[in-house]
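Each chain, letter by letter, is given below.
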Amino acid sequence: MTRVRVAAVSVLVGVLTMAFASPAFVPHPYEEQYRDHAGEPPSRTFLLGTDDLGRDRLSRLAFATRLSVALACGAAALSVLLGLAAAALSLSILNKPLAVATTISLSLPWMFVFIILRGMLPLNTSAAVSIGLTFAVMGVAGWALPGRVFAASVEQYRASEWVMHARACGMSETRIWTAHLWPHIRSIAWAQFRALVPAYILAEAGLGLLGLGVAEPATSLGNLIAELQHTGSIETSPWVLAPLAVLAIITTSIELLRGRARVLA
Amino acid sequence: MITGRPPARRGFAWRLAGAAIRLALIVVVGVLICAALVRYSPGFESEEADIDARLSRETALAVHERSKTGENFPAFALDYFRRAVHGDLGVSRTFNSPVTDLLRDRISATGMLMVAGITLAWAAALMLAWVAVFQPVMFFRSGAEVLAGISLAIPAPVIAIAFFLSGAPVSAALALAILPRVFGTIRELLEDVWRSPALVFARARGLSRTAVVIRYVALPIAPQLAALIGVSLVLAFGSAIPVEALCDVAGIGQLAWRAALGRDLPLLCGVAMAITFLVALVHTSTELFHAPTSQAERSR
Amino acid sequence: MKRVTITVAAIAVAALGALTTCALNGASAAAPAANHQLRFSIPGDPKSFDPLHALESNTELIRYLTGGVLIRVDRATDTAIPELAESWRLTEGGKAILFHLREGLHFSDGSPLTTADVARTLTAALDPKEGSPAGDTFRSAGTQPAIEIRSPRDLLIRYRAVKPALDRLFDQLAIAPKNRSARLPASAGPFFVAEYNPGSTIILRRNPWYWKRDSSGAHLPFFDSIHIDIQSNRDIQLARFERGESDLIGGLNPETFDRLARTRPGTAHDAGASLDSEFLWFNQASSASVPEWKRKWFSSALFRHAISSSIHREDLIRIVYKGHARAAAGPISTANKFWFNPKLKPLAYNAGALNALLATGFTLKGGALRDASGHAVEFSLITNSGNRERERMAALIQSDLNRIGVRVNIVTLDFGSLIERIAKTGAYEACLLGFANVDEDPVEEMNVWLSSGPHHAWSPQEKSPATPWEARIDQLELAQASEASRAQRKKLLDEMQEIVAAQEPIIYLVNPDYLYALSPRIHGARPGISPPQLLWNIEWLR
């Protein structure tokens, strides 16, 4: 088991290091257009080939990876934290209103929230602000799904015999939370986080249709993967699958990182 | 003095009434918020006629007049709910058809797509979670996690188009969107419960594996699984929208996408009503049927 | 052993789930085409089947395939040919037109079609309350023509002033039945709408009362029905065509064209430059929320020339359109052989224009272009999302302008938000968009060039012309709108084109080619350059 985790950590660290350190060793800037080399296959000059505008796919992939992973992790963490807060509040008199808010939040067309956000932002908003706000709003909008799962788990665990036993022994609520509830909720929170990171990476691509997210010449992992919808290019140029492979490696490595106490018989 | 009815049955009737009221309130508030978001978002009052160079200003205004819906939002909201009570959900601008007819004609397509996708996702998630938790061979355990990890990375629209073009069922795209969330949570729940002291004690006492699985695993995690079903429904519908839009499935997801692009207020309200009702129904049912168990447990 | 049993059972459950899924959802194979059925896709639902409310391309196409018109413009030869009208005569120096209808005309439901129906249709189109786009076509300087029914087959329409190209206008007026507001109204064209499944399909069936026959006397159209799928995804449209489930695709994009040329040689065709154009413009409206120093840049012809001349149009053509486009020379496409001013040359890269700008106080230092006040030249460029060609052009233009120190922020917006900004709020700085012309005659573009026009893109609805050259364009446009002689109109419009080329209020980029796919089993197509390019002679296709 430890070998698996070591391998997963190595792969993850390797991929992220290459992404974040790539400006030091990748010769081509991600935004530079080599127009005489548009749509070329991999070569010694362009290791992953060039895109339709002659930009180096490898440097764009590295840029996209570091941007998307960093921001998606932030958004996922925000969603999980808000979900946990909602779960904690669900134990109070706010239980029913929170349940209603969760249901409504899950049913809302968040697309229009993003359209309104785009309408409020000046057109010359800096890329950093635009992309940061996009992921922040995604993080806030995504609280309801994990919150629902956490609330059900919290309610279940609080009604369990061992928590009742702890309460009967005079343990404070805070201590019950930290000693008894959090160890169980933590693993579920981690599972939600792991699922949210790639979901947000992919969802960001859809926001490009609304004028948010990453703008040219920058790119994101979601945008690169969304181009795969035009399947014609996969058959003739399979290297376009590289962004998908990178994301799959990252998500798989994170999955394999989770701890496991012992082999369960 | 002995009362007529057992306390539990009277409590359930009250809870049912409360749940029904909550359901109606959620639907009304949900539709109102959705309508407000659409009404006050940029582009609502715009028509393609506004940039059609062939049209005079008067004709463009006449086009607006014809498609005017919801300009006065409070009046629209009141009128909408008044008519909705009688089953009239308005007429779609995009499709020029009554919204009720559109929803009725398409609900089965989306329903079948979602049922197929959720069934496949849960079957795969249960199998993978079982292997990941109980399989002693590391290769299979890690293999299950690798599969789950890969499924996280593949966007549903890409799979949907690839499947559609190759003739495979597009519900697999939906399943792929739901699988990672369901798998991760089920695995955590299984592991957590398998380590609980009561279960360890039961196993040590020689209780059969079947009894252990049913009584000590399935039942305790049933509420979380019910919540997860609700989550699956939401995820399934969220993924159904791009899948239907891209793959030519005449379902509610396709309606929702076209309505959103066209700012079709009556249609969006109708779709929001359907989604809110479905999600609220699942959540309310979960709370309704779980509550007695909690109370019974708390009273022991 | 028990673990293996459980694992096997789990796999069986999963397999059962998968099989259930397949059974429930099945492969989405389309039914094979019925005999004599034409199949193709359109990207969206028609907004209406009322021929007087055909505003966008999907509705217009259905109107074209089903509507009966008095005169049809032959898209291949650009000449007017008789349809429901057996003959016509322009009289009173071009102010009036006298129609003589064919005998025994009927709508698809069997009801007779007479001059009363023509008069009723035209009257409804001209009614301001109707808000019909056809009305704008037939109005003249705010006045309406007089309609005189002389007999069930003879009709006179008279204007107070000359109406240019009067006969050709009737190509856009489909004669409406009495029940035009019905869900599936009758029609007098080669087909009628038989079925409509919103968001899914439209079925047109041959009109049993259609008047036209071929040389051997056989009733037209040749096809029994047309099956139209509503499918916006271009890849799926292409896959359907490759599988033989669709017979044609109009308006292919360049990537799809190249792919089809590889996989199905002989089915992909490049009809040459179209009437369409791609362009960008700057927001010069005084009411716009644009900073004053930016408005000064945008209002300067030298600035606009510098921007225009810094764009490598040959790269746009080569990289975005894969060679299937031409560099634009002005407001009228080079494909428009009669109306295009041959003195104009295709716009090209020219470093000299930047030098001319630098001589007026602009400076280029440290990779940034600054105006005389020190403001760095930077602006946002909006365009509609989902159009890959436009998004790529925007990226190439951004890079070209970056080389001259101009920073461009590209913002892709959904269409509704884009329209709101350019038509209502004016909250934008520059816009990249395209124009799809439906007629070779540029008379429909008057609303763009008149300074008081609502579509005067860079500064809509001016109370008075903001510049002398806009005043001159107003004079030229109004003069050609009341000129009967085509040759004289051309002289006036030639001068208009020269002014636009000199001032560049709209920076024209490229004229894309019209690319299409046609199955070898379809015969009789004679593609034209006005829409519907492939289907304008639908009754002759077989």
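Residues numbered from 1 in each chain as written. Chains lettered and ligands numbered in written order. Predicted model: local features only at pLDDT ≥ 70, side-chain atom pairs only at ≥ 80, totals over all residues. Heavy atoms only, no water.

## A few points about the overall build of chain C
Counted only if it meets this: By the criteria applied, helices consist of DSSP H or I runs no shorter than four residues and strands consist of E runs no shorter than two, each listed in order from the N terminus. A 1.4 Å probe rolled over the protein chains alone gives each residue an accessible area, and that area as a share of the maximum for its type sets the label: buried under 20%, exposed over 50%, partly exposed in between. Should any heavy atoms of two residues lie within 4.5 Å, those residues are counted as being in contact. Accessibility throughout is a Shrake-Rupley quantity obtained with a 1.4 Å probe, and a residue counts as covered only by protein chains that appear here.
Scanning chain C from N- to C-terminus turns up 16 helices and 20 strands. By its C-alpha atoms, chain C is 100 × 70 × 40 Å across when sized along the principal axes. Counting over 542 residues, chain C shows a buried share of 58%. Within chain C, counting contacts between residues at least 6 apart in sequence, those at least 24 apart form 66% of the total. With an accessible surface of roughly 20800 Å², chain C has 56% of that area assigned to carbon and sulfur atoms.

## Details of the domain arrangement of chain C
All names here are of chain C. The test is simple: Residue ranges assigned to the domains are those given by an automatic or database domain assignment. The term salt bridge refers to a side-chain nitrogen of Lys or Arg lying within 4 Å of a carboxyl oxygen of Asp or Glu. Distance and chemistry together define a polar contact, namely a pair of N or O atoms within 3.5 Å, with one atom able to donate a hydrogen and the other to accept it when in protein, and with adjacent residues in sequence counting only for side-chain atoms on both sides.
As far as domains go, chain C holds domain 1 (1-65 + 189-267 + 519-542), domain 2 (68-183) and domain 3 (277-513). At the interface, 27 residues of domain 1 touch 31 residues of domain 2. The interface formed by domain 1 and domain 2 includes three salt bridges. Linking R180 and D50 is a salt bridge whose minimum nitrogen-to-oxygen distance equals 2.7 Å. Inspection of the domain 1/domain 2 interface yields nine residue pairs in polar contact (both at pLDDT 80 or more).

## Observations concerning helix α13 (residues 415-425) of chain C
For α13(C), the complete set of buried residues consists of C:G416, C:S417, C:L418, C:I419, C:E420, C:R421 and C:I422. Contacts from the buried residues of α13(C) go to α4 (110-120) of chain A together with β13 (277-282), β17 (378-384), β18 (407-413) and β19 (430-435) of chain C. Two residues or fewer after α13(C) comes C:G426, characterised by a positive phi angle close to 65°.

## Quick notes on the pattern of salt bridges
Once their charged atoms are close, side chains differing in charge can pair, the charge on each being opposite to the other. Inspection of the entire model under this criterion finds 51 salt bridges over all chains. In this structure, B:R83 and B:D88 form a salt bridge, with 3.5 Å as the shortest nitrogen-oxygen distance. In this structure B:D88 comes out as partly exposed when scored by relative accessible area, which is 34%. Taking the shortest distance from any N to any O, the salt bridge between C:R205 and C:E195 comes out at 3.0 Å. Here C:R205, found in strand β9 (residues 201-206), pairs with C:E195, found in strand β8 (residues 191-197); they are 10 residues apart in sequence, far enough to count as distant. Residue class for C:R205 comes out partly exposed when judged on its relative accessible area of 35%. Salt bridges sharing common partners tie together A:R35, A:D36, C:D315, C:R318, C:D400 and C:R403.

## Section: the sheet that holds strand β6 (residues 146-151) of chain C
Think of a sheet as strands paired side by side through backbone hydrogen bonds, with each pair either parallel or antiparallel. Residues and elements named next belong to chain C. Inclusion rule: Following DSSP output, two strands are said to pair if at least two bridges run between them. Between N-to-C directions, angles cover 0 to 180 degrees, with each direction set by a line fitted to C-alpha atoms, over the stretch in contact for helices.
Pairing is antiparallel in the open sheet, where four strands are placed in the order β4-β5-β7-β6. For this open sheet the edge positions go to β4 (85-91) and β6, each flanked by a neighbour on one side alone. In this sheet, adjacent strand axes meet at a mean angle of 15° when their direction is disregarded. Direction of pairing for β6 relative to strand β7 (residues 154-158): antiparallel, over a ladder of five bridges. When the bridges of β7 are listed, E148 appears paired with L156. Lying over the sheet, helix α3 (residues 115-126) contacts β5 (96-101), β6 and β7, oriented at roughly 175° with respect to β6.

## Points about a nonpolar patch on the surface
Going by this rule: Within this analysis, patches are made of residues with over 30% relative accessible area and no salt bridge. Like charges are joined at 9 Å or less; nonpolar side chains (Val, Leu, Ile, Met, Phe, Trp, Tyr) at 5 Å or less.
Among the surface-exposed residues, A:L89, A:I93 and A:L94 lie close enough to one another that they form a single nonpolar patch of about 320 Å² accessible area. With respect to the element layout, A:L89 can be found in helix α2 (residues 57-89).

## Let's talk about the nonpolar core
Rules: In this description, a nonpolar core means a group of buried Ala, Val, Leu, Ile, Met, Phe, Trp, Tyr and Cys residues linked to one another through side-chain atoms lying within 4.5 Å.
Judged by nonpolar contacts, the single largest core of 187 residues is most densely connected at C:F40 and C:L535. Of all the elements, helix α4 (residues 99-134) of chain B adds the most residues to this core, at 18 residues. For C:F40, the residues in contact, after removing those within four places along its chain, are C:L61, C:L65, C:I226, C:H227, C:I228, C:D229, C:S246, C:L248 and C:L535. Counting residues in hydrophobic clusters, the runner-up holds 41 residues, among them C:I307, C:I397, C:L401 and C:V406.

## Observations regarding the packing of helix α7 (residues 171-194) of chain B against helix α10 (residues 222-247) of chain B
All names here are of chain B. Stated formally: Roughly parallel refers to an angle under 35 degrees, roughly antiparallel to one over 145, roughly perpendicular to one between 65 and 115, and oblique to any angle outside these ranges. By definition, turning the near helix anticlockwise from the far helix through less than a right angle yields a left-handed crossing, and turning it clockwise yields a right-handed one. Each residue gets one of three labels, nonpolar for Ala, Val, Leu, Ile, Met, Phe, Trp, Tyr, Cys and Pro, charged for Asp, Glu, Lys and Arg, and polar for the others, Gly among them.
Two elements in contact, α7 and α10, have axes whose closest approach is 8 Å; the angle formed by their N-to-C orientations is 160°. The orientation of α7 relative to α10 falls into the category roughly antiparallel. When you trace α7 past α10, the crossing you get is right-handed. Note on element contacts: α10 touches α7 through Q224, L225, L228, S232, L235, A236, S239, A240 and V243, opposite A173, L174, A177, I178, R181, V182, T185, I186 and L189. In terms of residue class, the contact of α7 with α10 is made up of 13 nonpolar, four polar and one charged.

## Let's talk about the interface of chain C and chain A
Convention followed: Here the quantity called buried area is the accessible surface, traced with a 1.4 Å probe, that two parts lose on coming together, added over both.
Each side of the interface is counted separately: chain C has 35 residues, and chain A has 24 residues. Surface buried jointly by chain C and chain A totals about 2300 Å² across both partners, of which 47% is contributed by carbon and sulfur atoms. Seen at the junction of chain C and chain A, the total is four salt bridges. Among the ionic pairs, C:R318 bridges to A:D36, the shortest N-O distance being 3.8 Å. Our count for the contact surface shared by chain C and chain A stands at 11 residue pairs in polar contact (both at pLDDT 80 or more). Only α7 (254-263), α10 (313-320), β17, α12 (388-403), β18 and α13 of chain C provide two or more residues apiece to the side of chain C that touches chain A.

## Remarks on the confidence of the model for chain A
All names here are of chain A. Just so we agree on the cut-off: pLDDT is a per-residue confidence score from the predictor, ranging from 0 to 100.
With 94% of its residues at a pLDDT of 70 or more, chain A has an overall mean of 83. Here helix α10 (residues 232-236) is the element of chain A with the lowest mean pLDDT, 69, and α2 is the one with the highest, 92. In this model residues 261-265 is a low-confidence stretch, pLDDT under 50, and it forms 12 contacts with partners more than four residues away in sequence or in other chains.

## Examining unusual backbone geometry
Glycine aside, residues mostly have negative phi angles, and peptide bonds mostly take the trans form. Here the amide bond leading from A:E216 into A:P217 is cis, since omega sits at 5°, within 30 degrees of zero. Mapped onto the elements, A:P217 comes out in the loop between α8 (173-207) and α9 (221-226). Residues C:L220 and C:P221 are joined by a peptide bond in cis, for which omega reads 0°. Here C:P221 lies in the loop between β9 and β10 (225-230). Backbone geometry places C:A165, a non-glycine residue, at a positive phi of 50°. Inspection of the secondary structure assignment puts C:A165 in the loop between β7 and α5 (166-169). The residue C:K322 is not glycine, and still its phi comes out positive at about 50°.

## Notes on the state of the cysteines
Residues and elements named next belong to chain B. To keep things clear, this is the line we draw: When two cysteine sulfur atoms are found within 2.5 Å, that pair is recorded as a disulfide.
The tally for this structure, following the rule as stated, stands at zero disulfides over all chains. This cysteine, C269, is not joined by any disulfide, and C34 carries the nearest cysteine sulfur, 5.4 Å off. Its relative accessible area of 1% is what places C269 among the buried residues.

## Some points on the packing of aromatic side chains
Residues and elements named next belong to chain C. Heads up, the condition is: Between rings of Phe, Tyr and Trp, where Trp is taken as its six-membered ring, a pair exists when centres lie within 6.5 Å; planes separated by under 30 degrees are stacked, by over 60 edge-to-face, and by other angles tilted.
Here the structure, examined in full by the defined rule, presents 26 aromatic pairs over all chains. Geometrically, the ring pair formed by W281 and Y428 is edge-to-face, given 6.3 Å between the ring centres and 80° between the ring planes. Note that W281 is positioned in strand β13 and Y428 in the loop between α13 and β19, a separation of 147 residues in sequence. Each member of the pair, W281 as well as Y428, is classed as buried. A centroid spacing of 4.7 Å and a plane angle of 20° characterise the contact between F282 and F298, whose relative ring orientation is stacked.

## With respect to α3(C)
Residues and elements named next belong to chain C. The criterion, for reference: Expected span of a helix: the number of residues minus one, times 1.5 Å.
Over its 12 residues, α3 extends 16 Å from the first C-alpha to the last, a length consistent with the 16 Å expected when each residue adds 1.5 Å. By the criterion of burial, α3 is predominantly enclosed, with nine of the 12 residues buried. Looking only at α3, the buried set comprises T115, D117, V118, A119, T121, L122, A124, A125 and L126. Next to the buried residues of α3 lie β5, α4 (133-138), β6 and β7.

## As for the environment of A:R167
Residues and elements named next belong to chain A. With respect to the helices and strands, the residue R167 is situated in helix α7 (residues 161-168). Through-space distance from the C-alpha of R167 to that of L89 is 19 Å; in sequence the pair is 78 residues apart. Discounting chain neighbours no more than four positions away, the residues touching R167 are R158, E173 and I176.

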